[in-house]
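# Examining the three-dimensional arrangement
Take a look at the letters that make up each chain.
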Amino acid sequence: MPDRPHDRTMAIDKAILDSGRFKKAHASLVVLRGAQIGRDFRLRRRRTLLGRGPEVDIRVLDDLASREHASIDHEWDEGRKIGRYVLHDLGSTNGTLVNNRPAERIELKEGDKIQVGGTLLKFVLLDDIEVRYHEEVRNRITYDRLTGLLTKESLGLALEMDLKRCRRYGLPMAVLMMDLDHFKSINDTYGHLAGSHVLAEVGRLIRESLRDDDVSARYGGEEFIAYLSERTGLEARQAAERIRRTIEKERITHDGEEIGVTISIGVALFPAHGDDVQALIGRADKALYRAKEAGRNRVSIEPLE
């Protein structure tokens, strides 16, 4: 009886590997559950470290993960003439599970589910067409299709989990609430297609202005939200200003028309402004309101209590 697709070991003939066609196959870890839900991390043909520490290759934002939790090594098996990925637990405090079983060393098969702390990742091997299909399916589940950012619901889940980590380890965090200025006039002047194009471009600019570890989402309509783990108030203001300046300077064009766009941003800080998700979002929203009242196209941070 043939193996089911998700049970097959990744096997690449040496001639194919040498020819360069292996570049068409992409081994990745996709986050199914955890603070980075929906993200995928490409595995390279070398050793990849997973863990909570800042020095690892794939940073797992989970307080149950060790700083250097596990490694995934790409190996060439000369006897079997195949390339393979092998997971090694690095003596982690809480262990590593593969398909719900403790694993110290295991050769990964496509579809294997790896649990690191409370984070669940799936090992996948995809060709170029499958990569695009997989990304489309994933995006429909966890991402806003227009802007490419997380949905409000997905960000809420990620923020809740990451806030627990920051609370446990005494780490700072910032929440940014953002709103496009006079967006209704853009729709009225240029039409709704232009308005949708502006939202998509703003989503891209926000994403490109933040670090890989920062998480951003479309909150609704022309509102956006982001949270920045392990950022001080000064760092959060600098990040918010970078977003504001980037959007202000960008010349967004639709059907030959250049559309000027600005954004107002409110910032709240953990733990100074609140200890839970609702409190932080509420304070960031108040700061956003003050930025609007002060003339728009500016950053406002809630005062420290």
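Residues numbered from 1 in each chain as written. Predicted model: local features only at pLDDT ≥ 70, side-chain atom pairs only at ≥ 80, totals over all residues. Heavy atoms only, no water.

Checked against the element boundaries, glutamate 55 lands in the loop between strand E3 (48–51) and strand E4 (58–59). The exposure class of glutamate 55 is partly exposed, given its relative accessible area of 43%. Glutamate 55 sits twelve residues away from arginine 67 along the chain, and the two C-alpha atoms are 8.5 Å apart. Apart from residues no more than four positions distant in its own chain, glutamate 55 is found in contact with Arg67 and Glu68. (Helix = DSSP H or I, 4+ residues; strand = E, 2+ residues; numbered from the N terminus. Buried < 20%, exposed > 50% of the residue type's maximum accessible area, 1.4 Å probe, protein only. Contact = heavy atoms within 4.5 Å.)

The next thing to look at is unusual backbone geometry. Each neighbour pair has its own omega, and for phenylalanine 270 with proline 271 the value is 5 degrees, a cis peptide bond. Here proline 271 shows up in the loop between strand E17 (263–270) and helix H7 (277–293). Despite not being glycine, asparagine 99 shows a phi value in the positive range, around 55 degrees. Relative to the assigned elements, asparagine 99 resides in the loop between strand E7 (96–98) and strand E8 (101–102). Asparagine 99 sits in the partly exposed class, given a relative accessible area of 39%. Here aspartate 255, not a glycine, exhibits a phi torsion of approximately 50 degrees, which is positive. Counting through the fold element by element, aspartate 255 comes out in the loop between strand E15 (252–254) and strand E16 (257–259).

Residues Leu176, Met178, Leu180, Val198, Val261, Ile265 and Val267 are the most contacted members of the largest nonpolar core, which totals 30 residues. Those elements giving two or more residues to this core turn out to be strand E12 (173–180), helix H4 (183–190), helix H5 (192–209), strand E14 (223–229), helix H6 (233–249) and E17. At six residues, H5 tops the list of elements feeding residues into this core. Dropping the residues within four chain positions of it, valine 261 is found in contact with Leu180, Ile186, Val198, Val202, Ile247, Glu248 and Ile252. The next biggest cluster of nonpolar side chains, apart from the first, holds 23 residues, and it includes Met177, Ala268, Phe270 and Ile281. (Core = buried A, V, L, I, M, F, W, Y, C linked by side-chain atoms within 4.5 Å.)

Right, let's get into the side chain of aspartate 181. Of note, aspartate 181 is situated in the loop between E12 and H4. A polar side-chain atom of aspartate 181 sits 3.4 Å from the main-chain amide nitrogen of isoleucine 263. In this view, aspartate 181 contacts Thr262, Ile263, Ser264, Lys292, Arg296 and Asn297; residues no more than four positions away in its chain are not counted. (Polar contact = N/O pair within 3.5 Å; in protein donor to acceptor, adjacent residues only side chain to side chain.)

Let's shift gears to the packing of aromatic side chains. For the structure on display, the rule yields one aromatic pair. Where tyrosine 85 meets phenylalanine 123, the ring centres are 5.8 Å apart and the plane angle is 55 degrees; that geometry is what we call tilted. In this pair, tyrosine 85 sits in strand E6 (residues 82–89) while phenylalanine 123 sits in strand E11 (residues 119–127), placing the two residues 38 residues apart along the sequence. Residue class for tyrosine 85 comes out buried when judged on its relative accessible area of 2%. Sitting over the ring of tyrosine 219, lysine 152 keeps its end group 4.5 Å from the ring centre. (Phe/Tyr/Trp six-rings, centres within 6.5 Å; stacked < 30°, edge-to-face > 60°. Lys NZ or Arg CZ within 6 Å of the ring centre and 35° of its normal.)

For the rest of this paragraph, the subject is the pairing of E17. Across the eight residues of E17, eight count as buried, placing the element largely inside the fold. Pairing of E12 with E17 involves eight bridges; the strand directions are antiparallel. Within E17, the residue paired with aspartate 179 across the bridge is serine 264. With three bridges connecting them, E17 and strand E18 (residues 299–301) associate as parallel partners. Bridge pairing links valine 267 to isoleucine 301 in E18. A crossover links E17 with its parallel partner E18, the connecting element being H7, and its sense is left-handed. (Pairing = 2+ DSSP bridges. Right-handed = clockwise from strand over helix to strand, strands pointing away.)

Keep in mind that these numbers describe shape and distance, not what the molecule does.
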